[in-house]
Every structure is written in C-alpha cells, then in structure tokens.
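# An overview of the molecular structure
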Amino acid sequence: QVQLVESGGGLVQPGGSLRLSCAASGSISRPNIMAWYRQAPGKQRELVATITTGGYTSYADSLKGRFTISRDSAKNTVYLQMNSLKPEDTAVYYCNANSYPNQYWGQGTQVTVSS
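This text gives an overview of the structure that appears in the document. (Residues numbered from 1 in each chain as written. Predicted model: local features only at pLDDT ≥ 70, side-chain atom pairs only at ≥ 80, totals over all residues. Heavy atoms only, no water.)

## What to know about the side chain of Thr 109
For clarity, the cut-off: Each helix is a run of H or I in the DSSP string that is no shorter than four residues. Each strand is a run of E no shorter than two, and both are numbered from the N terminus. When accessible area is computed with a 1.4 Å probe and restricted to protein chains, residues below 20% of their type maximum are described as buried, those above 50% as exposed, and intermediate ones as partly exposed. Identification of polar contacts relies on pairs of N or O atoms within 3.5 Å, with a donor-acceptor requirement for protein atoms, meaning one able to donate a hydrogen and the other able to accept it, and with residues adjacent in sequence counted only if both atoms are side-chain atoms. Residues count as neighbours in contact if any of their non-hydrogen atoms are within 4.5 Å of one another.
Looking at the element boundaries, Thr 109 is found in strand β11 (residues 109–113). Take Thr 109: its relative accessible area is 10%, and that puts it in the buried class. A distance of 3.3 Å separates a polar side-chain atom of Thr 109 from the backbone nitrogen of Gly 9. Ignoring sequence-local partners within four residues, the contact set of Thr 109 consists of Glu 6, Ser 7, Gly 8, Gly 9, Leu 20, Ala 91, Val 92 and Tyr 93.

Next up, the structure:
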C-alpha cells in the first residue's frame, strides 16, 4: 500500500519561500510521474508541477520561474521549492503519484501567504 505524506506547509509572508516535501512509503511502480497540485478555497484543484522518473519537469505557465519541483529517488521523496510567494499562492497543496493504472494522493498541506 502506497502512502504519500506531505510536509513543509505553513504561514509565510509575501515574498517569502517554502519547501514542501512529499515522502512516499511503499513501492511506486516505474515509470511514474510525481506531481504537486493545489486547491484554493472555492476553486478547482489545479496542477502545479510534474516530474517524471527520468527527471523531466513541467510547470503551470503562471508558476514558471518561482516554483521548482525535484525528486530524490533514493529517499522516495519529491520536493516543491516555492519562492517569491504571493497571497494568491494560498492553497492546500497535494502530492500525487501516477503509475498507470494506479494513482495515489497525499492528504495535503496548507500553505498560507499573508502579512
């Protein structure tokens, strides 16, 4: 059974940084795509960034240059470095693992950007 556990969320001032972590327990088949999504209050969940087994990354256009996704396969962990945070980045951030036909979600971690 695969479990994804996010950590690293919290309250940060505008312009600040946070690094989210997603630790996977259990074995996720390869190849796989790991991703971060977010959901703001009253809005649909949206894709933030993805990273493949081979390290290829992609980002939502609006977040390019501020967010960086990475993975440490030895630790079964995916990271999301978030810089220059804005109030509109406030959301619950979810980790996702996709290895067809299986898909797994974490429970989410709250990120609040406010002065």
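On we go.
## Let's talk about the pairing of strand β1 (residues 3–7)
The condition that has to hold: Criterion used throughout: strands pair if DSSP finds at least two bridges between them.
Side chains Leu 4 and Glu 6 project from β1 onto a buried face, and the interleaved Gln 3, Val 5 and Ser 7 project onto a face without burial. The pairing of β1 with strand β3 (residues 18–25) spans five bridges and is antiparallel. Of the residues in β3, the one forming a bridge with Gln 3 is Ser 25.

## What about the pairing of strand β5 (residues 46–52)?
Of the pairings in the sheet, the one linking strand β4 (residues 33–39) to β5 comprises six bridges and is antiparallel in character. Residue pairing in the sheet places Ile 33 in a bridge with Thr 52 of β5. Taking the residues that link successive antiparallel strands as the turn, the β4-β5 hairpin has six residues, and the phi of Gly 42 there is positive, at about 75°. When β5 meets strand β6 (residues 57–59), the two strands line up antiparallel, connected through three bridges. Paired with Ala 49 across the two strands is Tyr 59, which belongs to β6.

## A look at the state of the cysteines
This is how the line gets drawn: Throughout, a disulfide means two cysteine sulfur atoms within 2.5 Å of one another.
All told, the structure shown has one disulfide when counted by the stated rule. Each disulfide pairs two cysteine sulfurs, and for Cys 22 the partner residue is Cys 95, the sulfurs being separated by 2.0 Å. Measuring the twist about the S-S bond at about -80°, one finds the Cys 22-Cys 95 disulfide to be left-handed. Of this pair, Cys 22 sits in strand β3 while Cys 95 is found in strand β9 (residues 91–99), placing the two residues 73 residues apart along the sequence. Here Cys 22 matches Cys 95 in class, with each residue buried.

Geometric descriptors of this kind do not, in isolation, establish any biological role.
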